[in-house]
Amino acid sequence: MKFMLCSRLIAVLALSLCCVAAGFAADGKPAGNPFLQTVRVAPNLEPAIPHPEQDAEVRAKLERIKAKTGRAPNILILLVDDMGYGDPGAFGGGAAIGAPTPNIDALASGGLKLTSTYAQPTCTPTRAAINTGRLPTRSGLTRPILTGENPKVNPWADEATAAGLLSEAGYRTGMAGKWHLGEAIGTQPHQVGYDEYFGILSVVSEMSQVIDGHLYPEIVNKAERLAKVKQIASTLVTRGLRGQPTEVVKKMASIDDLSRMDQMFADWSDGFIRRSAKDKKPFYLVHAFSKVHNDNYPAPGYAGKSPAGLPYKDAVVEVDDIVGRLINTLKETGQLENTLVFFTSDNGANEDTWPDTGFQPFRGGKGTTWEGGVRVPGIAYWPGTIKAGRTSDGLFDLTDLFNTSLALGNAHEKIAPTRYIDGVNQTGFLLGDNGESARQAVFMYSENNLMAMRWQEFKIHMRVFNTAETRQNIDASTIAVTGMSPWVFNLYADPKEQRSSGHRYFEWGFPVVLSMMGAHAATFAQFPRKDIGLSVAR
Ligand code: CA
């Protein structure tokens with residue numbers, strides 16, 4: 001019986017795919033699948049769901065704002081490192097888990113709360129996706145760049161960042177905080193499109209490993225090894241202006257130094273916003289926190305400030321305070337009603353670093369393509385333009401920030417036809433009073449493996465992460481290919497992805513999903529992947 005069911009499933013899939021591909025009718029039914037809603041407007045642009053009415057509504061809104069302000073809107077992306085979906089109060093955490101987040105919650109209640117925002121499973125890939133609008137498997141930035149490592153090929157040599165394109169369109173573009181997309185000359189923010197940069201090229205744990213002997217005795221207590229790791233570890237706060245050499249701001253030499261980094265970044269972003277307002281220049285600013293990635297050391301005044309009193313929770317409170325500070329800067333400088341603010345995290349909470357970690361009500365965590373690794377808090381906030389109090393589970397992939405930012409800056413036509421762009425323009429979704437997502441599906445990768453996809457409320461796994469131990473998602477997991485039927489979870493009924501209901505309840509959906517996956521796979525034929533040397537042979 002089981003064999004018959006499976007055979008039938010395969011036959012249905014084969015027939016349906018054939019129909020979609022060839023466009024002829026089977027059994028007298030109309031060709032095509034009514035669930036496939038997208039339109040592809042160019043070979044290198046991801047197909048999107050058309051919403052002409054909401055596009056017209058949003059165009060009129062933006063024209064009204066431009067007539068009032070005389071310039072294009074500002075864009076402020078607040079990117080927290082490793083914050084879990086469930087950390088902010090607006091997403092179920094906050095005071096309930098010992099770290100209230102009133103400022104982040106105010107963005108959610110005053111704007112659009114997105115409950116289906118997707119990042120990549122780790123830091124570098126998500127940052128690459130936001131900057132390029134491309135899945136990391138295309139740019140080659142498929143996994144975090146490690147201590148002392150530089151890709152063999154400069155990934156940026158033939159990439160275009162949103163910052164670079166907006167700079168050409170008259171924006172002042174700034175990058176504050178954690179970069180983690182290359183340390184070599186030619187790969188730093190002010191060398192790949194940003195007008196100004198102030199931050200760290202690596203990640204806080206690359207610094208703490210040569211400082212904190214309690215956490216890293218194997219390095220810090222071994223003088224010879226410590227000296228060598230110090231040679232390759234990036235421990236500097238640096239800054240740079242386009243066309244000028246990188247300057248050292250400060251060497252991070254103590255836990256006290258590390259604890260203050262996010263306040264340094266906040267000071268710089270505060271100044272950047274004030275300068276831009278004074279100069280009447282539209283700006284694009286990516287403020288990328290170092291916190292709440294491990295290792296969290298409370299800034300002066302923050303130790304024990306959270307009810308939980310744990311370093312991670314104190315860091316959440318600090319991040320929330322900085323969010324409040326930067327929103328206040330926008331307000332003070334008269335920019336609040338001319339700025340799209342987007343708040344999010346670059347991946348799920350890192351369960352492997354417990355208790356220095358956050359929370360998500362999903363399976364898995366950072367490093368996996370279970371929802372706990374890739375679903376992140378997302379908030380779009382723009383008083384007067386984004387209707388307050390909206391919540392949507394429409395799909396939003398962080399690659400969409402690329403297209404959406406360019407569209408707001410009238411720079412979308414600057415996208416070159418030579419690179420495939422996975423992001424879609426979501427201005428209609430975010431800004432329309434009842435906006436709907438232009439995105440039909442989210443494709444989820446681990447390095448170059450297509451693991452899963454989200455479509456409607458369903459999550460379909462072609463490959464799955466198996467975790468051997470609780471809270472060991474990165475350090476003790478394996479990847480397995482699913483059997484005859486992909487694993488399918490209804491995320492409304494089973495948000496923790498605990499029991500696949502695959503072939504029994506989703507037979508109708510497989511042809512749609514396989515068709516979308518087929519179209520996705522076909523893009524690689526015309527636009528090949530780049531290999532920059534980060535792939536690990538196994
Ligand atoms: Ca991260």
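Report follows, based on the coordinates. (Residues numbered from 1 in each chain as written. Predicted model: local features only at pLDDT ≥ 70, side-chain atom pairs only at ≥ 80, totals over all residues. Heavy atoms only, no water.)

1. Observations regarding the coordination of the calcium ion
Then, in step 1: With distances of 2.2 to 2.6 Å, the protein atoms coordinating the calcium ion are Asp81 (OD), Asp82 (OD), Cys123 (SG), Asp346 (OD), Asp346 (OD) and Asn347 (OD1).
Then, in step 2: Geometry at the calcium ion is irregular, judged from the six donor atoms that bind it and their angles of 54 to 160° at the metal.
Then, in step 3: Counting gaps between the donor residues of the calcium ion yields the pattern D-D-x40-C-x222-D-N. Pair check on accessibility: Asp346 and Asn347 agree, each one buried. (Donors = N, O, S within 2.8 Å, 3.2 Å for Na, K, Ca; no water. Tetrahedral: all angles 85-135°; square planar, octahedral: opposite > 155°, others 65-115°. Buried < 20%, exposed > 50% of the residue type's maximum accessible area, 1.4 Å probe, protein only.)

2. So, the nonpolar core
Then, in step 1: Of all hydrophobic cores here, the largest spans 54 residues; its most connected members are Leu78, Leu107, Met261, Val323 and Phe343.
Then, in step 2: With ten residues, the single largest contributor to this core is helix 12 (residues 311-332).
Then, in step 3: Beyond its immediate sequence surroundings of up to four residues, Met261 is in contact with Ile200, Val204, Met207, Val237, Met252 and Ser290.
Then, in step 4: In terms of nonpolar packing, the next biggest core, distinct from the first, is built from 52 residues, Ala162, Tyr284, Ala288 and Leu401 among them. (Core = buried A, V, L, I, M, F, W, Y, C linked by side-chain atoms within 4.5 Å. Helix = DSSP H or I, 4+ residues; strand = E, 2+ residues; numbered from the N terminus. Contact = heavy atoms within 4.5 Å.)

3. Examining the environment of Asn328
Then, in step 1: In this fold, Asn328 is placed in helix 12.
Then, in step 2: Put simply, Asn328 and Tyr197 are 131 residues apart on the chain and 22 Å apart in space, counted from C-alpha to C-alpha.

4. Section: the pattern of salt bridges
Then, in step 1: In total, this model carries 28 salt bridges according to the counting rule given.
Then, in step 2: Residue Arg242 is joined to Asp195 by a salt bridge in which the shortest nitrogen-to-oxygen separation is 2.9 Å. Here Asp195 lies in the loop between strand 3 (172-178) and strand 4 (196-200) and Arg242 lies in the loop between strand 5 (236-241) and strand 6 (247-251), a separation of 47 residues in the sequence.
Then, in step 3: For Arg242, a relative accessible area of 41% gives the class partly exposed.
Then, in step 4: Asp321 is paired through a salt bridge with Lys305; the nearest N and O atoms lie 3.1 Å apart. Here Lys305 lies in the loop between strand 7 (283-288) and helix 12 and Asp321 lies in helix 12, a separation of 16 residues in the sequence. (Salt bridge = Lys/Arg side-chain N within 4 Å of Asp/Glu carboxyl O.)

5. Details of the side chain of Ser259
Then, in step 1: Within the element layout of this structure, Ser259 appears in helix 10 (residues 255-259).
Then, in step 2: Dropping the residues within four chain positions of it, Ser259 is found in contact with Lys291, Tyr297, Pro298, Ala299, Pro300 and Glu318.

6. Quick word on the packing of helix 3 (residues 102-110) against helix 12
Then, in step 1: Two elements in contact, helix 3 and helix 12, have axes separated by 7 Å at closest approach and are oriented at 55°. Considering the angle they form, helix 3 stands oblique to helix 12. Here helix 3 contributes Pro102, Asn103, Ile104 and Leu107 to the contact with helix 12, which in turn contributes Asp320, Asp321, Val323, Gly324 and Ile327.
Then, in step 2: Residue composition of the contact of helix 3 with helix 12, by class: five nonpolar, two polar and two charged. (Axes fitted to C-alpha atoms, helices over the stretch in contact; angles between N-to-C directions. Parallel < 35°, antiparallel > 145°, perpendicular 65-115°, else oblique. Nonpolar A, V, L, I, M, F, W, Y, C, P; charged D, E, K, R; others polar.)

7. Some thoughts on the sheet that holds strand 12 (residues 441-446)
The pairing of strands in a sheet happens through backbone hydrogen bonds and is either parallel or antiparallel.
Then, in step 1: One open sheet holds the four strands; their spatial order is 12-13-14-17, and the pairing between them is antiparallel. The open sheet terminates on both sides in strands that have one partner only, identified here as strand 12 and strand 17 (487-490). Strand-to-strand twist in this sheet, taken as the mean axis angle between neighbours without regard to direction, amounts to 20°.
Then, in step 2: With four bridges connecting them, strand 13 (residues 449-455) and strand 14 (residues 458-461) associate as antiparallel partners. Paired with Ala452 across the two strands is His461, which belongs to strand 14.
Then, in step 3: Those strands touched by helix 17 (residues 510-526) are strand 12, strand 13, strand 14 and strand 17, and its axis lies near 135° from that of strand 13. (Pairing = 2+ DSSP bridges.)

8. Overview of the pairing of strand 14
Then, in step 1: Alternating residues of strand 14 divide into Phe458 and Ile460 and Lys459 and His461, and every residue in both groups is buried.
Then, in step 2: From the end of strand 13 to the start of strand 14, which pair antiparallel, there are two residues, and Gln456 there has a positive phi angle of about 50°.
Then, in step 3: Strand direction decides the pairing type here: strand 14 and strand 17, joined by four bridges, are antiparallel. Pairing of His461 across the sheet is with Trp487, part of strand 17.

9. Details of the packing of helix 11 (residues 261-279) against helix 12
Then, in step 1: Relative to each other, helix 11 and helix 12 sit at 15°, their axes nearing to 10 Å. Classified by the interaxial angle, the pair formed by helix 11 and helix 12 is roughly parallel. The handedness of the crossing between helix 11 and helix 12 comes out as right-handed. Together, Asp262, Gln263, Ala266, Asp267, Ser269, Asp270, Ile273 and Arg274 of helix 11 and Glu318, Ile322, Arg325, Leu326, Thr329, Leu330 and Glu332 of helix 12 make up the contact between the two elements.
Then, in step 2: When the residues that make up the contact of helix 11 with helix 12 are grouped by side-chain class, the tally is five nonpolar, three polar and seven charged. (Left-handed = near helix turned anticlockwise from the far one by under 90°.)

10. Remarks on helix 17
Then, in step 1: Here helix 17 is 17 residues long and its end C-alpha atoms lie 25 Å apart, about the 24 Å a rise of 1.5 Å per residue gives.
Then, in step 2: Three or more residues of helix 17 are buried, namely Phe510, Pro511, Val512, Val513, Leu514, Ser515, Met516, Met517, His520, Thr523 and Phe524. (Expected span 1.5 Å × (residues − 1).)

11. A few points about the environment of Pro417
Then, in step 1: With respect to the element layout, Pro417 can be found in the loop between helix 14 (400-408) and helix 15 (427-431).
Then, in step 2: Those residues in contact with Pro417 that sit more than four places away from it in its chain are Asn44 and Phe527.

12. Let's talk about the environment of Asp422
Then, in step 1: Looking at the element boundaries, Asp422 is found in the loop between helix 14 and helix 15.
Then, in step 2: As a C-alpha pair, Asp422 and Thr124 span 298 residues in sequence and 17 Å in three-dimensional space.
Then, in step 3: Asp422 has contacts with Glu46, Gly133, Arg134, Leu135, Arg138, Thr399, Asp400, Arg439 and His520, leaving out every residue within four places of it along the chain.
Then, in step 4: Among the polar contacts listed, one links the side chain of Asp422 to the side chain of Arg138, at a separation of 2.7 Å. (Polar contact = N/O pair within 3.5 Å; in protein donor to acceptor, adjacent residues only side chain to side chain.)

13. Considering the packing of aromatic side chains
Then, in step 1: Tallying each qualifying case throughout the model produces 20 aromatic pairs.
Then, in step 2: By way of ring pairs, the aromatic residues Phe35, Trp455, Phe458, Phe506, Trp508 and Phe510 are connected into one cluster.
Then, in step 3: Sitting over the ring of Phe524, Arg529 keeps its end group 4.2 Å from the ring centre. (Phe/Tyr/Trp six-rings, centres within 6.5 Å; stacked < 30°, edge-to-face > 60°. Lys NZ or Arg CZ within 6 Å of the ring centre and 35° of its normal.)

14. Observations concerning unusual backbone geometry
Then, in step 1: Residue Val292 is reached from Lys291 by a cis peptide bond, and omega for that bond is 10°.
Then, in step 2: Looking at where Val292 falls in the secondary structure, it is placed in the loop between strand 7 and helix 12.
Then, in step 3: Here the bond from Trp354 into Pro355 is cis, since omega is 10°, no more than 30 degrees from zero.
Then, in step 4: With phi around 60°, His180 is a residue other than glycine that occupies positive phi space.
Then, in step 5: Positioned with a positive phi, Asn410 is a non-glycine residue whose angle comes to about 55°.
Then, in step 6: Locating Asn410 in the fold gives a position in the loop between helix 14 and helix 15.

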